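One-letter residues, chain by chain:
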Amino acid sequence: MSETTNPPTNFIRQIIDEDLRSGKRTNVATRFPPEPNGYLHIGHAKSIVLNFGIAEDYNGTCNLRFDDTNPGKENMEFVEAIQRDVKWLGYSWDERLYYASNYFQNLYEFALELIKNGKAYVCELNAEQTREYRGTLKEPGKDSPYRSRSVAENLDLFEKMKSGEFEDGTKVLRAKIDMTSPNINMRDPVLYRIRHGVIHHQTGAEWCIYPMYDYTHPISDALEGITHSLCTLEFEDHRPFYDWVLDNISVGCHPQQIEFSRLNLEYTVMSKRKLTQLVSEGFVNGWDDPRMPTLAGIRRRGYTPAAMKLFCQRIGITKSEGIVEMELLENCVREDLNIIAPRRMAVLDPLKVVITNYPADQVEQLTLPNHPQDESMGTRLVPFCNEIYIEQEDFLEEANKKYKRLVKGDCVRLRNAYIIQCDEVVKDDYDNIVEIHCSYIPDSIGSNPEGIKPRGVIHWVSARHGVVAEVRLYDRLFAVAAPDAMANKEDKAFTDYLSPDSLHTLTHCVVEPSLTDAQPGDSYQFERQAYFCADLDHGNGKVVFNRTVTLRDTWAKIEQKGR
RNA sequence: UGGGGCGUCGCCAAGCGGUAAGGCACUGGAUUUUGAUUCCAGCAUACCCAGGUUCGAAUCCUGGCGCCCCAGCCA
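Conventions we followed
Residues numbered from 1 in each chain as written. Chains lettered and ligands numbered in written order. Predicted model: local features only at pLDDT ≥ 70, side-chain atom pairs only at ≥ 80, totals over all residues. Heavy atoms only, no water. Near = heavy atom within 4 Å. Polar contact = N/O pair within 3.5 Å; in protein donor to acceptor, adjacent residues only side chain to side chain. Helix = DSSP H or I, 4+ residues; strand = E, 2+ residues; numbered from the N terminus. Nonpolar A, V, L, I, M, F, W, Y, C, P; charged D, E, K, R; others polar. Pairing = 2+ DSSP bridges. Axes fitted to C-alpha atoms, helices over the stretch in contact; angles between N-to-C directions. Patch = residues over 30% accessible without salt bridge, like charges linked within 9 Å, V, L, I, M, F, W, Y side chains within 5 Å. Areas by Shrake-Rupley, 256 points an atom, 1.4 Å probe, with all protein chains shown as cover. Salt bridge = Lys/Arg side-chain N within 4 Å of Asp/Glu carboxyl O. Lys, Arg positive; Asp, Glu negative; His and termini not counted. Charge placed at Lys NZ, Arg CZ, Asp CG, Glu CD. Buried < 20%, exposed > 50% of the residue type's maximum accessible area, 1.4 Å probe, protein only. Contact = heavy atoms within 4.5 Å. Domains from an automatic or database assignment. Buried area = accessible area lost by both parts, 1.4 Å probe. Parallel < 35°, antiparallel > 145°, perpendicular 65-115°, else oblique. Left-handed = near helix turned anticlockwise from the far one by under 90°.

Colleague: I would appreciate a short explanation of the protein's contact with RNA strand B in the present structure.
Modeller: Neighbouring residues of RNA strand B: 70 residues in total, closest Arg343, Arg415, Gly446, Lys557 and Lys561. The sugar-phosphate portion of RNA strand B accounts for 65% of its atoms within 4 Å of the protein, the bases making up the rest. Between a sugar or linking oxygen of RNA strand B and a side-chain N or O atom of Glu321, the distance comes to 2.9 Å. Measuring from a base nitrogen of RNA strand B, one finds a side-chain N or O atom of Gln373 at 3.3 Å. Of all the secondary structure elements, the ones that give two or more residues to the surface near RNA strand B are α5 (127–134), β6 (190–194), α11 (305–315), α12 (326–340) and α14 (554–562). Class assignment for the residues of the surface near RNA strand B results in 22 nonpolar, 21 polar and 27 charged.

Below, the structure is given as structure tokens:
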């Protein structure tokens, strides 16, 4: 079965199929619940495509919900960036944009219900004491001395917590479950903590008590009528508490939490903490630096939503943890860009070529196809004259037969133009090649004249018409495949493995004139080289392109092996 | 055994008791005015290991081994 005839299936979809079949569920409602404390990355894309994709395929809904219960770390910049990125991927939450903070009042009332039923209590242990009482992984914890307060006292104390009578850290509301549970998450987890002086981006200073994620999440899901609450593996241990909350309040809805493995990608890091560090410590130029695995970054790099979705489809959804090779991601972008990116010519490292037998006052406007395999993409005009630039690496004074480019005394085809032959090499006093003199073969456009066999095809740009451009060559951010694991193993910082070659900026490139019309974000294939897109800095006289991903280069691999 | 998970080709991943899909990577070869694309062919007698059940096991059972997660008033 091929990929296209085989719709994406995974264990979560199988569970949903069974739930629908058995009648356990009659609809499908999912949600994507980011905390607005950073930008979304490729790992989030996996979750977005999963959640929104399921909603689409099952004729259900997917809510966008900000998990904003920790105001100290969250802000509106992130709230806005996240919405931008989800939209960019092509998904719509319609009017279903929610915030966990929308439910602060509900959450508070359910807490009251738990207290009244003897299921929650106000604890005065400080953070350190709480940790001590919790026990360890192998030893049970012990009950807090405040565990057996009366309902009335708990109600009174919680009310005072809410009204601001206590300082930060002096009291918390805890669930009363089992301090000896082998699952640490069930040892009377904290439900509410006190936070004075923080301004929440949604609720301002209205509250001074904030609910914890583990308490908030199941209730938010239930209030939204979520059927399947999909999250990552590290929450597996939290599921018993997720269920406990819903089983002990009168919310009347019980979504099912299902966990899947996070995405790990070679040559990058995927934790928000580390990405934040790269930004805040200036290792990269912001969250949208094209080297970042953030959606904002890869978008600026030139990755397309279609490529991202294809990638998410190909990596699949399972509970096993692994690390995906960069080649898989790169193949996905190439696959999409190969179809949609118009072809252009650009010389990154120019070598001047004077065509001695071409009239110096003549200019031809050649009509070239925008895509050799797709006529519907049209054509554009490219000027040709007696002075052009070719790539330095496309010329050698001497070379063996395998070198399919220009060699002194031999001829080569200029892409979509004439065949030229190198007659002379002009050098300066230091033996550096300054320019080369060639002669062109008239009537050689379109086919090879009798007896002429060019070694290969090289790209070019008219020296008199070409436009100077800045080209940013991006490569993998890290020098090692698994920077996290490596840093751990060698007791170093993950930043020690940042690649010195992640960005090379070229400022003397020459591109064909039509490229000045590009809009930021437009993708092109610079023939024989790579896919590029116009950067955000492009325009208003500046010509700036980012390399998205190189073309597959089997020649480079063969050369590599030779060494 | 403190508890919870995971282990199928180099990487990702189907498989759900009937005799190992697919993608990426890789290797050949064809076509090519991008050393690109496209196309064709090859690529796990084998499913962490060892026993067992069965006519038949990657799939069931038992026992091992390896790896990941959990002791935030973070999410």
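Colleague: Explanation requested: the sheet that holds strand β4 (residues 120–123) in the structure shown.
Modeller: Pairing between sheet strands relies on hydrogen bonds along the backbone, with the strands arranged either parallel or antiparallel. Spatially, four strands are ordered β4-β5-β6-β7 in an open sheet, and the strand pairing comes out antiparallel. Either end of the sheet is taken by a strand with one partner, and the two such strands are β4 and β7 (209–211). Each adjacent strand pair in this sheet contributes to an overall mean axis angle of 20°, direction not counted. In this sheet, β7 lies alongside β6 in antiparallel orientation, the contact comprising three bridges. If you follow Ile194 over to β7, its bridge partner there is Ile209.

Colleague: Whenever I open this one, a negative patch on the surface confuses me. Can you help?
Modeller: Side chains of Asp349, Glu393, Asp553 and Glu559 sit close together on the surface and give a patch of like negative charge. Residue placement: Asp553 occurs in the loop between β27 (544–550) and α14. A relative accessible area of 38% places Asp553 in the partly exposed class.

Colleague: Even after reading the chapter, I still don't get the side chain of Arg96, so can you show me in this structure?
Modeller: Locating Arg96 in the fold gives a position in the loop between α3 (76–88) and β3 (97–99). Among the polar contacts made by the side chain of Arg96, one reaches the side chain of Asn63 at a distance of 2.9 Å. For Arg96, the contacting residues outside a window of four places in its chain are Thr61, Cys62, Asn63 and Leu64.

Colleague: In this structure, what is going on with the domain arrangement of chain A? I would like to understand it.
Modeller: By a widely used convention, the size of an interface equals the accessible area lost when the partners come together. Taken domain by domain, chain A comprises domain 1 (11–260), domain 2 (272–340 + 469–562) and domain 3 (351–464). Taken residue by residue, the interface counts 12 residues in domain 2 and 16 residues in domain 3. Buried surface at the junction of domain 2 and domain 3, both sides included, amounts to about 1,200 Å², of which 49% is carbon and sulfur. Contact with domain 3 buries area across many residues of domain 2, yet Glu512, Glu527 and Arg528 alone supply 47% of it, more than any other trio. In this structure, the connection of domain 2 to domain 3 is made through three salt bridges. Residue Glu512 is joined to Arg380 by a salt bridge in which the shortest nitrogen-to-oxygen separation is 2.7 Å. Here domain 2 and domain 3 share five residue pairs in polar contact (both at pLDDT 80 or more) between them.

Colleague: Explanation requested: the packing of helix α7 (residues 213–223) against helix α8 (residues 239–247) in the structure shown.
Modeller: Any two packed helices are characterised by the angle at which their axes cross and by the distance between the axes. At a closest axis distance of 9 Å, the pairing of α7 and α8 adopts a crossing angle of 60°. The angle between α7 and α8 falls in the class oblique. Where α7 crosses over α8, the handedness of that crossing is right-handed. Contacts from Asp214, Tyr215, His217, Pro218, Ile219, Asp221 and Ala222 in α7 reach Phe241, Tyr242, Val245 and Leu246 in α8. Residues that form the contact of α7 with α8 fall into these classes: eight nonpolar, one polar and two charged.

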